[in-house]
Amino acid sequence: MSGEVLNAQHMPGDRGWRLESKTLQGNTPHRHIIVEPEEELSSSFTLTRKISLFKSPERMEEGPYKCVRDGNGTVNRVIRMGTRKSQLARIQTDYVAEKLKTLYPDVHLEIVAMSTIGDKILDTALSKIGEKSLFTKELENALERNEVDLVVHSLKDLPTTLPNGFTIGAVLQRESPHDAVVLHPKNSGLTLDTLPDGSVIGTSSLRRAAQLKKRFPHLEFKDIRGNLNTRLKKLDEKEDYAAIILAAAGLKRMGWEARVSQVLGPEDCMYAVGQGALAVEVRARDCDILEMVSTLHHSETVLRCIAERAFLRRLEGGCSVPVAVNTEVKDSVLSLTGAVYSLDGADSLKEAMETSVDPGNKLESAADIQHVGVTAHNVPQCAQVAAEKLGVDLANLLLSKGAMEILTTARKLNDAR
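Residues numbered from 1 in each chain as written. Predicted model: local features only at pLDDT ≥ 70, side-chain atom pairs only at ≥ 80, totals over all residues. Heavy atoms only, no water.

Section: the sheet that holds strand β12 (residues 220-222)
Then, number 1: Taking strand neighbours across the sheet as the criterion, the five strands line up as β12-β11-β13-β10-β14 in an open arrangement whose pairing is mixed. Sheet topology places β12 and β14 (262-264) at the edges, where each strand pairs with a single neighbour. Averaged over all neighbouring strand pairs, the angle between strand axes comes to 30°, with direction disregarded.
Then, number 2: In this structure, strand β11 (residues 200-202) lies alongside β12, joined through three bridges in parallel fashion. Bridging from a neighbouring strand, Gly-202 pairs with Lys-222 of β12.
Then, number 3: The strands that helix α5 (residues 206-215) touches are β10 (179-183), β12, β13 (243-247) and β14; relative to β13, the one it contacts most, it runs at about 125°. (Pairing = 2+ DSSP bridges. Helix = DSSP H or I, 4+ residues; strand = E, 2+ residues; numbered from the N terminus. Axes fitted to C-alpha atoms, helices over the stretch in contact; angles between N-to-C directions. Contact = heavy atoms within 4.5 Å.)

Printed below as a string of structure tokens:
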């Protein structure tokens, strides 16, 4: 292999960028050269750089970058994709990588996997840990330190307020956002309605438990932690649970759709904010990366998730309180149903609103405006504004009817458990 791996860093006093390189074959010593990105954009935007010796880096941002030089002397920046180590997270990241490689075949991608707080603490319900960034903090730390260039998340794991300097550069087309029932093999053919009285259902989601306790009062609910593989193993190999509740999207991405016994519609269990959607988080200042990943945006999913995230943020909710949503776009009308619940589901508030997201003939210039953390240049700004306003307005309606009292009580009772 004739390419070279390089690490680029702007050094004090340098007129350009210092690349530390070593051939991929043999033991050629490291050497340093000064480089500048070419003015012209390639098919991969500013990600493909040509070597230019001893010139100033007028347009190249500071920070260490990893690069690869091909046999023709072209230096291509390696895009490092951060992800969690779980099998599902890797599958999701591979999916995003395939999308990017299809659009930009010259881009070099490298996947960097790491564990998060949520992956390490497996003996405590998520709602009890008290950390808003359970599955994102370590990944965002790596992004801040320039150890990765983008991070792939399940959107529902991302807090509605991101750390300064970060943005969601892409929200991909949503899989089914609904929850699914996976039965113990001995209960094959049954449903939540037909399971025997006292059957134990595994879920660590306060949102799921609150809704299902009210809808299926003959069932009992118990926490279950771990990734999808672990939870399914706990279900199948023990007699502790009659069934568990999982996100349908995750089961599909893992290729385990055959394990789905029942998909829960909004009449049984509304879903979590952002559930079923993948998000790509980037540094807001990395215009080249932001432009690259923005092509992955799915307009309808963007608008639905902006409304959902605005609703949740206005309620100051998170995994420690039961908040649920349902959204739909039809004929350029975005509808949002939102609800809050007490822990036992006995007390709840539920309302629905809708708004037009039709941009009409209005011409807009791209603007670096975030809507609940999302930057989407290729989605009409007026539609994004309308979606965010819808979420805030619906939350305000629930708050005017006593939602904060319900959520405050739920939070206190959860903390006391």
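A word on the sheet that holds strand β16 (residues 323-330)
Then, number 1: Spatially, the three strands line up as an open sheet ordered β16-β17-β18, and their pairing is antiparallel. The open sheet has two edge strands with one neighbour each: β16 and β18 (348-356). Across the sheet, the mean angle from the axis of one strand to that of its neighbour is 10°, orientation sign disregarded.
Then, number 2: Note that β16 and strand β17 (residues 333-341) share eight bridges and pair antiparallel. Across the sheet, Val-323 pairs through a bridge with Val-340, a residue of β17.
Then, number 3: In the packing of helix α9 (residues 299-315) onto the sheet, contacts are made with β16 and β17, and the angle to β16 comes to roughly 150°.
Then, number 4: On top of the sheet, helix α11 (residues 403-416) reaches β16, β17 and β18; it is set at about 50° to β17, its chief contact.

Remarks on helix α10 (residues 381-400)
What sets the pattern is the α-helix's 3.6 residues per turn: residues three or four places apart point alike.
Then, number 1: If you check α10, its first and last C-alpha atoms are 28 Å apart, about what 20 residues at 1.5 Å a residue would give, namely 28 Å.
Then, number 2: Gln-381, Ala-383, Gln-384, Ala-386, Ala-387, Glu-388, Leu-390, Gly-391, Leu-394, Ala-395, Leu-398 and Leu-399 are the residues of α10 that are buried.
Then, number 3: Positive phi shows up at Gly-402, right after α10, with a value of about 105°. (Expected span 1.5 Å × (residues − 1). Buried < 20%, exposed > 50% of the residue type's maximum accessible area, 1.4 Å probe, protein only.)

Comments concerning the nonpolar core
Then, number 1: Leu-155, Ile-168, Val-171, Phe-311, Leu-315, Val-323 and Val-340 are the most contacted members of the largest nonpolar core, which has 41 residues in total.
Then, number 2: Residue assignment for this core shows that the elements contributing at least two residues are β9 (166-171), α9, β16, β17, α10 and α11.
Then, number 3: Looking at which element gives the most residues to this core, the answer is α9, with nine residues.
Then, number 4: Counting residues in hydrophobic clusters, the runner-up holds 19 residues, among them Met-81, Tyr-104, Val-152 and Val-293. (Core = buried A, V, L, I, M, F, W, Y, C linked by side-chain atoms within 4.5 Å.)

Observations concerning the pattern of salt bridges
Then, number 1: A complete count under the given rule lists 18 salt bridges for this structure.
Then, number 2: Residues Asp-179 and Arg-208 are paired through a salt bridge, measuring 2.9 Å at the closest nitrogen-oxygen approach. A residue pair is termed long-range when its members are at least 10 positions apart, and Asp-179 in strand β10 and Arg-208 in helix α5 qualify at 29 residues.
Then, number 3: The exposure class assigned to Asp-179 is buried, which follows from its relative accessible area of 0%.
Then, number 4: For Arg-208, a relative accessible area of 6% gives the class buried.
Then, number 5: Linking Arg-259 and Asp-236 is a salt bridge whose minimum nitrogen-to-oxygen distance equals 2.9 Å. Of this pair, Arg-259 sits in the loop between α7 (248-253) and β14 while Asp-236 sits in helix α6 (residues 228-237), placing them 23 residues apart in sequence.
Then, number 6: Note on Arg-259: relative accessible area 25%, which makes it partly exposed.
Then, number 7: The class for Asp-236 is partly exposed, based on a relative accessible area of 30%.
Then, number 8: One salt-bridge network, in which partners are shared between bridges, spans Arg-80, Asp-149, Arg-283, Arg-285 and Asp-286. (Salt bridge = Lys/Arg side-chain N within 4 Å of Asp/Glu carboxyl O.)

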